[in-house]
Amino acid sequence: MNEISQATETQAAFARLAEEIEGFYEGIRDLPVAQPVDLEAIRAHLGATYGSFASAQPVIEVIGDVARMLREWNTHVTHPRNFGLFNPSVHLASVYADTLTAAFNPQLAVWTHAAAANEIERMVLRFFLECLGFDPDTSAANFTTGGAEANLSALTVALTAKFPTYGMDGAPGNAVFYASVESHGSLGKIAHQTGIGRRALHAIPVDEHLRLDVDALRRQIAADRAAGLQPFLVVGTAGTTPAGIIDPLGEIAGVCQVEGLWFHVDAAYGGAARLSSELVLHMNGIQRADSVTWDAHKWLSVPLGAGMFFCKHRKAVEQTYAIHASYMPSGEAVDPYVTTIQWSRRLIGLKVFMVLATLGIDGVVDLIDRQTQMGDLLRGKLKERGWQVVNRTFLPVICFTHPALQGDDARLAALLKRLVDGGEVWISQVSLSTGVTALRACITSFRTDEADIDALVDALERALEGESANG
Ligand SMILES: *Cc1c(COP(=O)(O)O)cnc(C)c1O
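Residues numbered from 1 in each chain as written. Predicted model: local features only at pLDDT ≥ 70, side-chain atom pairs only at ≥ 80, totals over all residues. Heavy atoms only, no water.

Visitor: I'd like a rundown of the site of the ligand, residues and numbers included.
Guide: Taken together, 14 residues are adjacent to the ligand, and Gly147, Asp266, Asp295, His297 and Lys298 come closest. Thr241 is positioned with one of its side-chain polar atoms (N or O) 3.0 Å from an oxygen atom of the ligand. Compared with its free state, where it exposes 380 Å², the ligand has 85% of that area covered by protein. Listing elements by their share of the shell around the ligand, those giving two or more residues are helix 6 (147-162) and helix 11 (296-299). Ranked by residue count, the leading element in the shell around the ligand is helix 6, at 3 residues. The residue inventory of the shell around the ligand, partitioned by class, reads 3 nonpolar, 8 polar and 3 charged. (Near = heavy atom within 4 Å. Polar contact = N/O pair within 3.5 Å; in protein donor to acceptor, adjacent residues only side chain to side chain. Areas by Shrake-Rupley, 256 points an atom, 1.4 Å probe, with all protein chains shown as cover. Helix = DSSP H or I, 4+ residues; strand = E, 2+ residues; numbered from the N terminus. Nonpolar A, V, L, I, M, F, W, Y, C, P; charged D, E, K, R; others polar.)

Visitor: Quick one: what's the story with the side chain of Ser89, residue by residue and with numbers?
Guide: As for its placement among the helices and strands, Ser89 is situated in the loop between helix 3 (59-72) and helix 4 (92-104). Polar contacts involving the side chain of Ser89 include one to the main-chain carbonyl oxygen of Thr78, which spans 2.9 Å. If we ignore the near neighbours within four places in the chain, the residues touching Ser89 are Val77, Thr78, Ser301, Thr444, Ser445, Phe446 and Arg447. (Contact = heavy atoms within 4.5 Å.)

Visitor: So, the packing of aromatic side chains: which residues are in play, and what are the values?
Guide: Inspection of the entire model under this criterion finds 11 aromatic pairs. Centroid distance Trp294 to Phe310: 6.2 Å. Interplanar angle 50°. Geometry classified as tilted. You can see Trp294 sitting in strand 6 (residues 291-295) and its partner Phe310 sitting in strand 7 (residues 307-311), a full 16 residues away along the chain. Just as Trp294 is buried, Phe310 falls in that class too. Among the aromatic side chains, those forming a connected cluster through ring pairs are Phe127, Phe128, Trp294 and Phe310. One cation-aromatic arrangement involves Arg68 over Trp73; the distance from NZ or CZ to the ring centre is 5.8 Å. The ring of Phe134 has Lys312 sitting right over it, with the charged end atom 4.6 Å from the ring centre. (Phe/Tyr/Trp six-rings, centres within 6.5 Å; stacked < 30°, edge-to-face > 60°. Buried < 20%, exposed > 50% of the residue type's maximum accessible area, 1.4 Å probe, protein only. Lys NZ or Arg CZ within 6 Å of the ring centre and 35° of its normal.)

Visitor: Which residues make up the sheet that holds strand 11 (residues 437-442), and what values do they have?
Guide: Overall, antiparallel pairing links the 4 strands, which are arranged 8-9-11-10 in an open sheet. Bordering the open sheet on either side are strand 8 (388-389) and strand 10 (428-431), each of which pairs with just one other strand. Bridge count between strand 9 (residues 397-401) and strand 11: 4 bridges; the pairing is antiparallel. Each residue of the ladder has a partner; that of Val397, found in strand 11, is Cys442. Strands strand 9, strand 10 and strand 11 of the sheet are contacted by helix 14 (residues 409-421), whose axis makes an angle of about 30° with strand 11. (Pairing = 2+ DSSP bridges. Axes fitted to C-alpha atoms, helices over the stretch in contact; angles between N-to-C directions.)

Note that all results are geometric; they support no functional claim without further evidence.
The following block contains the structure:
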């Protein structure tokens, strides 16, 4: 193939991509948010079209076919009427960024090998360090695949800092750490992976507003010490996954200070609240953390996976990930492969950089505040129509139920099924540790507007009427 036809094919492929993406977003409100999945149909199509990859197919056709599969056999998390888990609509600048990343494929493991890419990430991370109230000159920060990896980094670095034997010989058998019963499930897996064991995670009860109960934390620490255990860390969650609750970060910081414990804040979802002048006060205390997890792919409108790990103790981070490999080029600046979990490293941060660069920080904050306002609007409209909101948060996560359901979980589940089967909206169900099972709606799209909120409230009302007619 000569160069002209090569260029033509690239342009045609990108034109087709642009057409597919534009078409998808233009028509997104006409698509069901979620649709029943026909596993057999998907497998049959894949088998019939691609078989054992015996034939080579034109890329334009493959692009069209894959786009169709993604449109038809997929829950559309970027749909403005997806009120689901923390998966956002993505700003197109971040899509362009991921395309550039894939095309140039910079290898960030060693600084000199991808100097521009590394400096782009460093600039973004320093910006967020400052926003967290961490000193960018003495802290460490890196992009991760997501919150789970960032939380794993936090626990591993904390174990390294707190137990001098950990790095060479493993953790002491009596190391324990704390997080609320509403904290994220990744912590259990991390307890397993780090070798301290799942039993090392002591779950602390919550108060009536689902916030970690600090008195219970103090009592548990005292009891554990009396039993000969070695507490080393407390996780405060800023934006719990079930209900968007922010733990009392300042009070937990105080306990950690008195007890000599590492304070980790899991702000995988809620981190973005730190950027908003309306929400920032609710994040107070995060600046006292030893480490923070913050996912850009949750509330900063970029595609999966883009997590971030921040740590005030750069020495401990360097000690944790120190390694020597003769085959790696040596660099001038600190190399990511000796300061983070990953070895080969993709340019994760470009999508965050390009959203910040093209919207400006004020534009990014507008998207966050807009979603917060839509959350307030939904909360208000639900209350007006007789629903009971059962969580108290300023973040746009609303857990709610209705008196007509009489606390009957089976009826709630039936209502949810009726609602979701309609395809017009998507919400989920959650069991809170207050004992309440509720419906859960989170504003995850910067495109969600008042008409979408009305559509949700109307659809809920219809599903409720259907349920009452049944019950
Ligand atoms: C989503 C979430 C995580 C896990 O993050 P991933 O990006 O899914 O790996 C951790 N903690 C909290 C509070 C979360 O909401």
